Amino acid sequence: MKNFSKYLIALALVFSSFNLVNGTNQASAAATFIAPSSAPINGDYMDEDYDFGDHYGIDYDGNYYDPVYASGAGTVTKVNSGCSNAGDSNCGSGWGNYIEITHNVNGENYLTRYAHLSPGTATVTVGQSVSQGYKIGEMGNSGFSYGAHLHFEFLVNGIRVNPHYYLNEDLEGDVTPEPILHEFDGSWATLRTESPQGNATVNTFASPGVGLNGTLPTGSLYKVYEKSSRNGVDYFRVATDTWVHRDNGEVKPYMVKASYSTTTYEEPAVNPVRHSEGGLAPGDSYKAYGTEVTADGQQWYNLGGMGWIKADANGLQTYRMP
Ligand SMILES: [Zn+2]
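It should be emphasised that the depicted structure is a prediction, and the values quoted were computed from it without experimental measurement. (Residues numbered from 1 in each chain as written. Predicted model: local features only at pLDDT ≥ 70, side-chain atom pairs only at ≥ 80, totals over all residues. Heavy atoms only, no water.)

1. Here we look at the environment of Glu250
Moving on, step 1. Mapped onto the elements of the fold, Glu250 is located in strand 19 (residues 249–253).
Moving on, step 2. Put simply, Glu250 and Leu191 are 59 residues apart on the chain and 5.3 Å apart in space, counted from C-alpha to C-alpha. (Helix = DSSP H or I, 4+ residues; strand = E, 2+ residues; numbered from the N terminus.)

Put into C-alpha cells, the structure is as follows:
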C-alpha cells in the first residue's frame, strides 16, 4: 500500500540511522538479501502512520515500470497476473500482480513477495531459478494500491517479519565498535548530538518540538528514554523535559542478548500473549526499538518482528554502542 505522506521518507531515513554498525541482528542471513528497489521507502514495516491497519511490508515509492529485483537467489513459486493498474482493489488478494520467490539459506526457508506490479511485466515463471538482483518485473498500481509503488514482504516460516532484519543494509563501514554492557534503566538507545549546520550546540525542547529550553554540546552521547513525533517529525527524550530533534542526533538502539532460551511476547501486558515465533535462543542478539513499562512495573523491550521481551528475563543483557 502506498501512503502519500512524503514525510514518511524522512521517517525511513530516521529508521535507517537505527542500523548498528556491526549488524548483529541475524547477521548470518543479513548479508544474504538486498533491497528489491532503489526507490525511497515511504511506508515502513509496521509503520505507525500507516492508515490501513497493520503494515506487514516495506513500500518503495517508485514510478510506473521501475525495475523490481529479486532480493535473493531462489526459486519463483508464485506469479499472479491478470490485474489492471487502476482497478480492482481485491485483485490478487489485494497484492494485484505479484511474485513470490522461495529462498533456502543455510537450511532455512524464506519467502519474499513483490506486490502491485504493472500487468504484463513479470519476466519470470513458476519453477524458474533466479539469481539475486535479477529483474523479475516492473512497478505498478495493481490491487489495493493508490499510486505506483512496490510493496515488499519477507516471510519466515510463513510469518511476515521486518524485512530490514534481512536486507544487507546494516553492513556499512568497516569499524566495529565494542558494545558496552548496559544496565536496565529505562533507556533503549543512544543519541549522539550533531549539528548539520556545524554549530557547537543543539537545541533542546521541553516537549517534542515545543518550548525551547536549552542547548547540549554537539558530539556528546546521551541515553534515549522516549521517542515521540510532532507533525511527523521524531523527537527523542534524553533527560527529563529534554527532547532533541531527529536532525540533531544520531540514534542507535541497544542490542538485547539472551543467555538462555527466552520467551518473547506479542505485546507488553500484565498477562502477555506469547509471540508465535517462540522467543530467543541462547546467544541471539536483537536490536531494541523502544521500551515500555506495564502496570505491574515490568519493563519491556520492543524487538521489532520478534515481539517484546521482559527486561528482567533471566540472563538477558543489553548492550549500547560507544
Ligand atoms: Zn505496502
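2. Some thoughts on the pairing of strand 14 (residues 210–217)
Moving on, step 1. Two elements, strand 13 (residues 201–207) and strand 14, share six bridges in a ladder whose sense is antiparallel. The residue of strand 14 that forms the bridge with Thr201 is Pro217.
Moving on, step 2. Here strand 13 folds back onto strand 14, and the loop between the two strands holds two residues, one of which, Gly209, carries a positive phi near 75 degrees. (Pairing = 2+ DSSP bridges.)

3. Some words on the state of the cysteines
Moving on, step 1. Within this structure, the stated rule accounts for one disulfide.
Moving on, step 2. The disulfide that involves Cys83 links it to Cys91, with 2.0 Å between the sulfurs. An S-S torsion of about -85 degrees defines the bridge between Cys83 and Cys91 as left-handed.
Moving on, step 3. Owing to a relative accessible area of 2%, Cys83 belongs among the buried residues under this scheme. (Disulfide = S-S within 2.5 Å. Buried < 20%, exposed > 50% of the residue type's maximum accessible area, 1.4 Å probe, protein only.)

4. Comments concerning the sheet that holds strand 23 (residues 299–302)
Moving on, step 1. Spatial strand order, 22-23-24: three strands in an open sheet with antiparallel pairing. Both outer strands of the open sheet, strand 22 (291–293) and strand 24 (308–310), are each paired with one neighbouring strand and no more. The mean inter-strand angle of the sheet, taken between neighbouring strand axes irrespective of direction, is 30 degrees.
Moving on, step 2. One ladder, built from three bridges, connects strand 23 with strand 24; its direction is antiparallel. The residue of strand 24 that forms the bridge with Tyr301 is Ile309. (Axes fitted to C-alpha atoms, helices over the stretch in contact; angles between N-to-C directions.)

5. Comments concerning the pairing of strand 18 (residues 242–245)
In summary, the side chains of a regular strand alternate between the two faces of the sheet.
Moving on, step 1. Here strand 18 shows two buried faces, one formed by Thr242 and Val244 and the other by Trp243 and His245.
Moving on, step 2. Across four bridges, strand 17 (residues 233–239) lies against strand 18 in antiparallel orientation. By the bridge assignment for strand 18, Arg237 is matched with Trp243.
Moving on, step 3. Linking two consecutive strands that pair antiparallel, namely strand 17 and strand 18, is a turn of two residues; a positive phi of about 55 degrees is found at Asp241 within it.

By themselves, these observations are geometric and do not establish any function.
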